[in-house]
Amino acid sequence: MKLILKLLLNALAVVLLSKLLSGVNVDSYLTATIVALVLAILNLFVKPILVLLTLPVTVVTFGIFLLFINAFIILIADKLIEGFSVSSVWIAILFSILLSILQSILHSLLKDDEK
């Protein structure tokens, strides 16, 4: 149940950011839920491989290269999901930063409710 609630909160974050950023388009709430699910799956399976392969670059850039890995994950989701589009790499980087911040805020509200 908690996993589904987190997924729905992530979908809400995707919808809010699509309204905020002009370079991100989401067709519907169902598409946003699918985006949240696909991003979770890509972060679970693809991201660790990319982090491992780019570890030297990540160390040299003091971790800033991870922003590009996150943007790449979002661009992969853009190609996989019809109804979700991101206009450029820079918008994907901004989207990933804002999505992380918004997810942290929403998930912290969820933890407060559990007490």
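Residues numbered from 1 in each chain as written. Predicted model: local features only at pLDDT ≥ 70, side-chain atom pairs only at ≥ 80, totals over all residues. Heavy atoms only, no water.

Engineer: Could you give me a rundown of the packing of aromatic side chains, with the residues and numbers involved?
Structural biologist: Going through the model one piece at a time under the given rule, you end up with 3 aromatic pairs. Between phenylalanine 84 and phenylalanine 95 the ring centres are 6.2 Å apart and the planes differ by 50°, which places this aromatic pair in the tilted class. Of this pair, phenylalanine 84 sits in strand S2 (residues 84-86) while phenylalanine 95 is found in helix H5 (residues 89-114), placing the two residues 11 residues apart along the sequence. By relative accessible area, which is 0% here, phenylalanine 95 ends up buried. Through pairs of rings, three or more aromatic residues link up here, namely Phe65, Phe68 and Trp90. (Phe/Tyr/Trp six-rings, centres within 6.5 Å; stacked < 30°, edge-to-face > 60°. Helix = DSSP H or I, 4+ residues; strand = E, 2+ residues; numbered from the N terminus. Buried < 20%, exposed > 50% of the residue type's maximum accessible area, 1.4 Å probe, protein only.)

Engineer: Go over helix H2 (residues 29-53), please, and point to the residues and values.
Structural biologist: Under the 1.5 Å per step criterion, the end-to-end length of H2 is 34 Å for 25 residues, consistent within 8% with the ideal 36 Å. If you look at H2, its biggest bend is around 40°, right at valine 46, and the proline proline 48 turns up within four residues after that. Within the sequence span of H2, burial applies to Thr31, Ala32, Val35, Ala36, Val38, Leu39, Leu42 and Leu50. Near the N-terminus of H2, the side chain that reaches the backbone nitrogen of leucine 30, with its oxygen 3.5 Å away, is that of serine 28. (Expected span 1.5 Å × (residues − 1). Bend = angle between axes of the 7 residues up to and from the residue. Polar contact = N/O pair within 3.5 Å; in protein donor to acceptor, adjacent residues only side chain to side chain.)

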